[in-house]
Amino acid sequence: MTGIDYSEIMNEALLDVVRRVLDDVAKNGLRGENHFYITAVTHHIGVMLPHHLRAKHPDTITIVLQHQFSDLRVSEDGFGVTLTFQGKPERLYFPFRSLVHFRDPSEPLFALQFEVVTNDPDDNE
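Chemist: So what exactly am I meant to see when it comes to the sheet that holds strand E1 (residues 36-41) here?
Modeler: Through backbone hydrogen bonds, the strands of a sheet pair up, either in parallel or in antiparallel fashion. Read from one edge to the other, the open sheet built from four strands follows the order E2-E1-E6-E7, with strand pairing classed as antiparallel. Lying at the two open borders of the sheet, with one neighbouring strand each, are strand E2 (60-65) and strand E7 (111-113). Between one strand axis and the next, the sheet turns by 10° as a mean value, whatever way the strands run. Where E1 lies against strand E6 (residues 99-103), four bridges are found, and the strand directions are antiparallel. For Ile-38, the partnering residue across the bridge sits in E6 and is Phe-102. In this fold helix H1 (residues 6-28) packs onto E1, E2, E6 and E7, with an angle of close to 55° to the strand it touches most, E6.

Laid out in structure tokens, this is it:
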């Protein structure tokens with residue numbers, strides 16, 4: 001029997017913060033100066049990106065949810081959003097387990113960093 005995996009428990013709790021914040025924004029929109037920089041591992045299972053974005057960002061991608069995003073949908077396991085790249089709307093999906101960083105620049109002391117767990121123990125970010 002192994003001990004308590006505090007790291008995993010903390011990671012799940014922090015991901016729940018992101019889930020709750022994004023769910024609130026999906027329902028009520030952004031408030032005040034709040035906006036988010038979200039970095040995810042692009043090769044994580046379940047990440048959905050257009051081919052040109054995956055080619056340009058083979059390891060990680062940072063998206064900004066501020067002025068020009070739409071159709072934010074949050075589930076228990078991840079979120080989807082439509083962003084515009086070079087004038088073309090693109091649908092993206094990120095499992096919460098693919099996230100590396102979450103930051104709200106309007107709150108200078110608030111930033112979260114996550115452990116990304118993949119199926120391959122040698123491939124953890």
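Still more to cover.
Chemist: Mind showing me how you'd approach a nonpolar patch on the surface here?
Modeler: Nonpolar side chains collect at one region of the surface, where Ile-4, Tyr-6 and Ile-9 lie side by side and expose about 360 Å² of accessible area between them. Checked against the element boundaries, Ile-4 lands in the segment before H1.

Chemist: Sorry, what's going on with the layout of surface pockets here?
Modeler: Empty space left among the atoms is revealed by rolling a probe the size of a water molecule over them. Within this model, the largest pocket holds a volume of roughly 170 Å³. In this structure, the largest pocket is lined by Val-21, Asp-24, Val-25, Gly-29, Leu-30, Arg-31, Asn-34, Phe-36, Phe-102, Asp-104, Glu-107 and Phe-110. Among the elements that make up the lining of the largest pocket, the one with the highest residue count is H1 (three residues). Class assignment of the residues belonging to the lining of the largest pocket gives a composition of six nonpolar, two polar and four charged.

Chemist: What am I meant to see in the packing of aromatic side chains here?
Modeler: Each aromatic ring pair is characterised by the separation of its centres together with the angle its planes make. Following the criterion strictly, the structure yields four aromatic pairs and no others. Residues Phe-79 and Phe-96 carry aromatic rings whose centres are separated by 6.0 Å and whose planes lie at 40° to one another, so their mutual orientation is tilted. Pair noted here: Phe-79 is in strand E4 (residues 78-85) and Phe-96 is in the loop between strand E5 (88-95) and E6, with a separation of 17 residues, a long-range link. Here the two residues Phe-79 and Phe-96 agree in accessibility, since each one is buried. Their ring planes at 85° and their centres at 6.4 Å tell us that Phe-102 and Phe-110 sit as a pair that is edge-to-face. The class of Phe-102 is buried, set by a relative accessible area of 1%. For Phe-110, a relative accessible area of 30% corresponds to the partly exposed category. Grouping aromatic residues by their ring pairs yields a cluster made of Phe-36, Phe-102 and Phe-110.

Each value, and the rule that gives it
Residues numbered from 1 in each chain as written. Predicted model: local features only at pLDDT ≥ 70, side-chain atom pairs only at ≥ 80, totals over all residues. Heavy atoms only, no water. Pairing = 2+ DSSP bridges. Helix = DSSP H or I, 4+ residues; strand = E, 2+ residues; numbered from the N terminus. Axes fitted to C-alpha atoms, helices over the stretch in contact; angles between N-to-C directions. Contact = heavy atoms within 4.5 Å. Patch = residues over 30% accessible without salt bridge, like charges linked within 9 Å, V, L, I, M, F, W, Y side chains within 5 Å. Areas by Shrake-Rupley, 256 points an atom, 1.4 Å probe, with all protein chains shown as cover. Salt bridge = Lys/Arg side-chain N within 4 Å of Asp/Glu carboxyl O. 1 Å grid on protein atoms, 1.4 Å probe; cavity = no way out; pocket = protein on both sides within 12 Å on 5 of 7 lines; lining within 4 Å. Points joined across faces, edges and corners; volume = space filled by probe spheres on them. Nonpolar A, V, L, I, M, F, W, Y, C, P; charged D, E, K, R; others polar. Phe/Tyr/Trp six-rings, centres within 6.5 Å; stacked < 30°, edge-to-face > 60°. Buried < 20%, exposed > 50% of the residue type's maximum accessible area, 1.4 Å probe, protein only.

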